[in-house]
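Chain residues, written in single-letter form:
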Amino acid sequence: MNSSETCIFCRIINKKLFAAVLHEDDSVLAFLDIKPVNTGHTLVVPKKHYVLVEEMDDSTYLNMFRVGRVLLQKIKAAFPEITAFNLLIADGKDAGQEVPHVHLHLIPRKPDDGFGYKFGPNYGKILTEEERATIAERIRSNM
Ligand code: 5GP
Ligand code: ZN
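What you see is a predicted model, and the numbers here were worked out from it, not measured in a lab.

### A few points about the pattern of salt bridges
For step 1, the next point in the chain: Scanning the entire structure with this criterion turns up five salt bridges.
For step 2, the next point in the chain: As a salt-bridge pair, Lys-47 and Glu-24 come within 2.8 Å of each other at their nearest N and O atoms. With Lys-47 in the loop between strand S3 (42-46) and helix H3 (58-78) and Glu-24 in strand S1 (residues 21-24), this pair connects stretches of sequence that are 23 residues apart.
For step 3, the next point in the chain: Residue class for Glu-24 comes out partly exposed when judged on its relative accessible area of 40%.
For step 4, the next point in the chain: Across the pair Arg-109 and Asp-113 runs a salt bridge, and its minimum N-O distance is 2.9 Å.
For step 5, the next point in the chain: Salt bridges sharing partners connect three or more residues here, namely Lys-15, Glu-24 and Lys-47.

### Some details on the sheet that holds S1
For step 1, the next point in the chain: Ordered in space as S1-S2-S3-S5-S4, the five strands form an open sheet in which the pairing is antiparallel. Of all the strands in the sheet, just S1 and strand S4 (84-88) have a single pairing partner and so form its edges. On average, each strand axis in the sheet is tilted by 15° relative to the strand beside it, whichever way the strands run.

Reading the values: rules and limits
Counting restarts for each chain, with residues numbered from 1 along the sequence as it is written. Chain A is the first chain written and ligand 1 is the first ligand written, with later ones labelled in order. With pLDDT at 70 or above as the cut-off, local features in this predicted model cover only qualifying residues; side-chain atom pairs require 80 or more to be listed or tallied, and sums for whole chains, interfaces and linings still use all residues. With hydrogens and water set aside, each side-chain value is computed from the structure's full complement of heavy atoms. Throughout this description, the term salt bridge denotes a Lys or Arg side-chain nitrogen within 4 Å of a carboxyl oxygen of Asp or Glu. Working definition: helices are DSSP H or I runs of at least four residues, strands are E runs of at least two. Numbering for both runs from the N terminus. The buried label goes to any residue with under 20% of its type's maximum accessible area, the exposed label to any with over 50%, and the partly exposed label to all in between, with areas taken from a 1.4 Å probe on protein chains only. Think of it this way: DSSP has to see at least two bridges between two strands before they count as a pair. Whenever a helix is involved, its axis is fitted only over the stretch in contact; in every case the axis is a line through C-alpha atoms, and angles between N-to-C directions fall within 0 to 180 degrees.

Read these as geometric descriptors, not functional statements.
Shown next, in the form of structure tokens:
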């Protein structure tokens, strides 16, 4: 079976499954998340099945963020109690990606809504200049 049958977002894109669509164009579809953090929580997804952002072509990637920014303004206008947004991509299983088809979350936020990042045991140490320079050099040398 290919992704158009097994992938839940491909099934939405192919109109085999219902979604409350906010936007559609040649390269992306945006629809409400079934289990929102807050009302208006939206997903913007490429119409082509990509698992990770590194697989995407630049124009689709840019369009996903462009559409995301247009939509967050509309969501805020529709629900004035929304005061902020998190734009989030879980890019891989270890980052919390549950649906293996790229999706940009537009997460509406309200004061004291209880949503937030959880920091792990590796968080908290302030790196020295030397440590940061060494890491940056290692990354740059792989470009
Ligand atoms: P992830 O954890 O992969 O970053 O996020 C997957 C998101 O997809 C979750 O927020 C989840 O609620 C949403 N989702 C999963 N299945 C469906 C579905 O069938 N329809 C819609 N609209 N959203 C879904
Ligand atoms: Zn898919």
